[in-house]
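Residue-level listing of the chains:
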Amino acid sequence: MRTAAGVVAVAALLLAACGGGDAAPPDTAPAGATAPAPAADGLDGTLTVFAAASLTEVVGELATVMEQEHPRLTVRTSFAGSSDLAAQVEQGAPADVLATADERTMQRVVDAGLAADPVPFATNTLAVVTPPDDPGGVASFADLARSGLAVVVCAPQVPCGAATERLEQLTGTTLTPVSEAGSVTDVLGAVTSGQADAGVVYATDARRAGDAVRTVAVPAADGAVNTYPVAVLDDAAEPAAARAFVDLLTGPEGREVLAQAGFGAPDGS
Amino acid sequence: MSACEAAGLDLHAGVDARDLEVELAVAPGEVVALLGPNGAGKSTALGLVAGLLRPDRGRVVLDGDVLADAGDDGAGEGGRPRTWVPPHRRRTALLAQDPLLFGHLTALENAAFAPRARGAGRTDARTTARRWLDRVGAGDLADRRPAQLSGGQAQRVALARALAAEPRLLLLDEPLAALDVAAAPALRQLLREVLRAEGRSALLVTHDPLDVLALADRAVVLEHGRVVETGTAADVLATPRSAFAARLSGLTVLRGTAEAGGLRTDDGRLVPSRLADGVRPGDAALVHLAPQDLVPAADDQSAAVLLRVAGLEPRGGVVLVRGEDADDGWPGAVVALPAGRAAALGPGDRLGLDLGAAATVRAGAPEGRRGGPVRRS
Amino acid sequence: MSPVPRRAARRPASAGAELPRWVLAPAAVGALLVLLPLAALVLQVDWADLPALLSSEASRAALALSLRTSAAATALCVLLGVPMALVLARTSLPGLRVLRSLVLLPLVLPPVVGGLALLHAFGRRGLLGGQLEALGVSIAFTTAAVVLAQTFVALPFLVVSLEGALRTAGRRHEEVAAVLGAGPWTVLRRVTLPVVLPGLASGVVLSFARALGEFGATLTFAGSLQGTTRTLPLEVYLQRETDPDAAVALALLLVVVAAVVVVAVRGRPAL
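Rules of the game
Residues numbered from 1 in each chain as written. Chains lettered and ligands numbered in written order. Predicted model: local features only at pLDDT ≥ 70, side-chain atom pairs only at ≥ 80, totals over all residues. Heavy atoms only, no water. Helix = DSSP H or I, 4+ residues; strand = E, 2+ residues; numbered from the N terminus. Buried < 20%, exposed > 50% of the residue type's maximum accessible area, 1.4 Å probe, protein only. Contact = heavy atoms within 4.5 Å. Areas by Shrake-Rupley, 256 points an atom, 1.4 Å probe, with all protein chains shown as cover. Lys, Arg positive; Asp, Glu negative; His and termini not counted. Charge placed at Lys NZ, Arg CZ, Asp CG, Glu CD. Patch = residues over 30% accessible without salt bridge, like charges linked within 9 Å, V, L, I, M, F, W, Y side chains within 5 Å. Salt bridge = Lys/Arg side-chain N within 4 Å of Asp/Glu carboxyl O. Pairing = 2+ DSSP bridges. Axes fitted to C-alpha atoms, helices over the stretch in contact; angles between N-to-C directions. Domains from an automatic or database assignment. Disulfide = S-S within 2.5 Å. Buried area = accessible area lost by both parts, 1.4 Å probe. Polar contact = N/O pair within 3.5 Å; in protein donor to acceptor, adjacent residues only side chain to side chain. Nonpolar A, V, L, I, M, F, W, Y, C, P; charged D, E, K, R; others polar.

A.B. asks: Any details on the overall build of chain A? Residues and values, ideally.
C.D. replies: Scanning chain A from terminus to terminus reveals nine helices and eleven strands. Looking at chain A as a whole, 49% of its 269 residues are labelled buried. Long-range contacts, defined here as pairs at least 24 residues apart, represent 80% of the contacts in chain A between residues at least 6 apart. When the accessible surface of chain A is totalled, it reaches about 11500 Å², and 55% of it is carbon and sulfur.

A.B. asks: Before we move on, could you go through the overall build of chain B and cite the residues and values that matter?
C.D. replies: What chain B contains, in helices and strands, is ten helices and 22 strands. Overall, chain B is about 75 × 55 × 35 Å in size when its C-alpha atoms are taken along their principal axes. Taken over 377 residues, chain B has a buried fraction of 52%. Restricting the contact set of chain B to residue pairs at least 6 apart, pairs at least 24 apart contribute 64%. As displayed, chain B has an accessible area near 16200 Å², and 49% of this comes from carbon and sulfur atoms. Distance between charge centres in chain B, computed from 45 positive and 48 negative side chains, equals 5 Å.

A.B. asks: I'd like to hear about a nonpolar patch on the surface, residue by residue, with values.
C.D. replies: A surface patch of nonpolar side chains, about 520 Å² in accessible area, is lined by Val 98, Leu 102, Leu 105, Leu 107, Val 108 and Val 160 of chain C. Owing to a relative accessible area of 54%, Val 98 of chain C belongs among the exposed residues under this scheme.

A.B. asks: Account for the side chain of Thr 128 of chain B, with residues named and values stated.
C.D. replies: All names here are of chain B. Relative to the helices and strands, Thr 128 resides in helix H4 (residues 122–135). Of the residues examined, Thr 128 reaches a relative accessible area of 18% and is grouped as buried. Apart from residues no more than four positions distant in its own chain, Thr 128 is found in contact with Pro 115 and Ala 164.

A.B. asks: Account for the environment of Pro 118 of chain A, naming residues and giving values.
C.D. replies: All names here are of chain A. Inspection of the secondary structure puts Pro 118 in the loop between helix H4 (103–111) and strand E5 (119–124). Looking at Pro 118, the relative accessible area reads 31%, which means it is partly exposed. Note: C-alpha distance between Pro 118 and Asp 234 (116 residues apart in sequence) is 11 Å. If near-sequence neighbours (up to four positions away) are discounted, Pro 118 is found in contact with Met 106, Val 110, Pro 229, Val 230 and Ala 231.

A.B. asks: Go over the pattern of salt bridges with me, naming the residues and quoting the values.
C.D. replies: The final tally for this structure, using the stated rule, is 30 salt bridges over all chains. The salt bridge involving Arg 72 of chain A is made with Asp 44 of chain A; its shortest N-O contact spans 3.7 Å. Taken as a pair, Arg 72 of chain A in the loop between helix H2 (56–69) and strand E3 (73–80) and Asp 44 of chain A in the loop between strand E1 (29–30) and strand E2 (45–52) lie far apart in primary sequence, 28 residues in all. Judged by its relative accessible area of 43%, Arg 72 of chain A is partly exposed. Looking at Asp 44 of chain A, the relative accessible area reads 31%, which means it is partly exposed. Between Arg 167 of chain C and Glu 163 of chain C there is a salt bridge whose closest N-O contact spans 3.0 Å. Of the two residues, Arg 167 of chain C and Glu 163 of chain C both sit in helix H8 (residues 143–169), four residues apart, roughly one turn of that helix. Through salt bridges with shared partners, one network takes in Glu 57, Asp 205 and Arg 208 of chain A.

A.B. asks: Give a description of the sheet that holds strand E9 (residues 198–202) of chain A that names residues and reports values.
C.D. replies: All names here are of chain A. Taken together, the five strands give an open sheet; going across it, the order is E8-E7-E9-E6-E10, and neighbouring strands pair in mixed fashion. Every interior strand has two partners, whereas the edge strands, strand E8 (179–181) and strand E10 (214–216), have only one. Geometrically, the sheet is characterised by an average inter-axis angle of 35° between neighbouring strands, direction not taken into account. Bridge count for strand E7 (residues 151–154) against E9 is two bridges, and the pairing is parallel. By the bridge assignment, Val 151 is partnered in E9 with Ala 198. Across the sheet, helix H6 (residues 184–192) touches strand E6 (126–130), E7, E8 and E9, and the angle it forms with E9 is around 145°.

A.B. asks: How would you explain the domain arrangement of chain B if you had to name every residue and give the values?
C.D. replies: Here chain B is described as being made up of domain 1 (9–233) and domain 2 (250–363). Distance from the C-alpha centre of domain 1 of chain B to the C-alpha centre of domain 2 of chain B: 38 Å.

A.B. asks: Residue-level account of the state of the cysteines, with values.
C.D. replies: Residues and elements named next belong to chain A. Taken as a whole, this structure holds one disulfide over all chains when the rule is applied. The residue that forms a disulfide with Cys 154 is Cys 160, at a sulfur-sulfur distance of 1.8 Å. Of note, the bridge from Cys 154 to Cys 160 carries an S-S torsion of about -100° and is left-handed in sense. The class of Cys 160 is buried, set by a relative accessible area of 4%.

A.B. asks: If you had to explain the pairing of strand E3 (residues 31–35) of chain B to someone new, which residues and values would you point to?
C.D. replies: Residues and elements named next belong to chain B. When you tally the buried positions in E3, you get five out of five residues, the bulk of the element. By the alternation rule, side chains of E3 split into Val 31, Ala 33 and Leu 35 and Val 32 and Leu 34, which are all buried. Inspection of the sheet shows E3 paired to strand E9 (residues 202–205) by four bridges, in the parallel sense. Among the inter-strand pairings, Val 31 is bridged to a residue of E9, identified as Ala 202.

A.B. asks: With reference to specific residues and values, describe unusual backbone geometry.
C.D. replies: Residues and elements named next belong to chain B. Phi at Asp 63 is positive, roughly 50°, even though this residue is not glycine. Looking at the element boundaries, Asp 63 is found in the loop between strand E4 (57–62) and strand E5 (65–69). For Asp 63, a relative accessible area of 36% corresponds to the partly exposed category. Positive phi, normally seen in glycine, also occurs at Glu 174, with a value near 50°. For Glu 174, a relative accessible area of 15% corresponds to the buried category.

A.B. asks: So what's going on with the interface of chain C and chain B? Residues and values would help.
C.D. replies: The interface of chain C with chain B comprises 16 residues on the first partner and 22 residues on the second. Interface area for chain C against chain B, summed over the two sides, is near 1800 Å², with a carbon-plus-sulfur share of 70%. Of all residues in chain C, Val 179, Leu 180 and Arg 190 of chain C bury the most surface against chain B, accounting for 42% of the area lost on that side. At the junction of chain C and chain B, the tally comes to zero salt bridges. There are three residue pairs in polar contact (both at pLDDT 80 or more) connecting chain C and chain B. Here the residues of the side of chain C that touches chain B are counted per class, giving ten nonpolar, three polar and three charged.

Following this line, the structure appears as structure tokens:
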């Protein structure tokens, strides 16, 4: 009997792991402790927010605000590349809210019939970053086309790379990068480590990197803007809390936190 | 005395890690058997000669060439620099228990290995190799790989490979020990021809008294890393003076003190015997007895030998009754009894023995080195 | 079938030492854990479009680059790893045990960490980067960086395989050869290497496979540019963003290569 029970337990564990394994967010963790206090507005349970990696600070901060306002509510967050998050949602990951770094990725989820009416809540533009000592002498976006300069950009397949391509077209500049990274983090890493002379990243990433990089403003970047949409997923387990979170993100408090991080306001607002 | 100019092997060396202090010589054309229990240092001694091991003290000299010289204290002797000749320049050859043929080469290529290594051309090396394969009766195996050879065939090829090296000294490390009873006698015979007929020098490590008798001129017994006995091969087996040689010979060796009437053993029993030349009353002495020299005594108290039975081995119509070993490792007495007499005995039983009427024995000096031949009469 | 004939049909060899039966269940679950994802990947393959997916310019460039760099890395592993294995297996220099552990570190190191380490050694601002730059050698973002990263992770595989083979083979054949008159170089060439050839071959195959699969160190150290530094695994990772079908097709290619390698090392299919 005991061995049989052990087998069942092992099998059950594995099945649980198999069933949820490919769909479970890779780094889901409670964003704050729950205080056992009476709910003023009936919001309780656990809210799960999937957000693009560039939103890590913003969504993290708003999750804390949310939990303070609703003591019986726990907010879990998961940050990854937008495409990864969309893929996870398509595979049935239990998320209530999805915020992506571009509209193309969100459209995938809408087309799959998993969400409706995404709301744009922020924009991000591109910036050129160099190591603090600027070994390549970069003063403008056009300088990046100079031969002999080691420039790293995002690959066209990912949102920041698509935006970089638009910026190249807008400015009539043709870059010959030494590397097309799969994520903006890799671009930033190549610059901060001094491997690259310059890189093209989101303005928010440039701001977040602080003194580790020197930022070169790109005026034309306003023409190559990424819009961040957010949506409540149709299968949300906590639709009320999910709507409340979207309201917080798109409301004045969210606006302020986003602006602090370097995000712009969407056209409509 | 200048060992350097003498032909043959002069080994006089110590290896601390193996607790070995060995001194032995092999004259030109002589085969010396190196005997001793496992771990006594036999293979280590071979390694010193082959150059697989560096001595901490002493020298290895072969045909006047100093192969290794570490000085008496390991720091060089008489201002001479430390000498070291690597194994491939020593012109010895090693045949071990395991043939250790090179698996990726044919028998012919194996036998051609040494000539090739010494710079012979491919054709010359093959001619030499073929000659030696024929010599050991393995000519028809030339194209086979080692995996396709039986144990005896492989050992023949290995012997051809060793001989093709034209060694100044052949090192044989239990060359027959791994062969089955059918293959061993033929190869022993082959070795005998090769060694005796061609007057080769060899150092032969073995556990088998047959090998000693068939192949060796002299025998050296090592125990615990020290030479405890040397002598002609026949003497060492006939009048062993070490525990190992006694065991190998199958004889009963009684130890004690010489008296006018014979040998007084350590447990106070008198073994009647005549004293050998040069042995005086009061000297430490040995008596060697074959199993049939002993008969059951009428009375245990007055018996010459009192053994405690360790084992029984039927041999034809008789049973060999083996006594328990002494505390210091010497083998117990061995007596041949009629099957009917032995039937009642079991391990642990006591059995008193006297010398048979036909036995005439001599007490011999117990020291390991024989001044002159001391034979059982 | 009734239990009796089944029992009779069982191989007699298993009668002596039978395992407790419950062991079978977790063993089966474990096998599933390994096989299920691979099966899922194969099921996901869009077979109709497979030729097109695999023959896209990006895929072909990635495959060609991967084969080229892995072959170069494997050659480098042989060139450096054989002497390393010989030193580790056949000498007793002081500090060798510590050295062995350190050299084998890349086996267990997360690849990204390896990439960071390489970056700080050979990167433009790394330990040797300045000197290399002064000599006109820039490794960053070049195919050479890929080869370096692959060699870094693959070298231990060759060293471990070969050192194991050397230790298993022992020194006795070498000693016999030396006594027969073969100098150290002849012994190495005619005895040691032929004897350990199977171990060397499996080491070569394993390090090629490891080089082919290298991802983290390449991404961190070499960058990602089609035809120059974007190897097959990097291409899979990138394609996943936009074209999951292409990613799956390329992943299948890597699985096939891995299967071939496993079979090659084990000598025959484990059936």
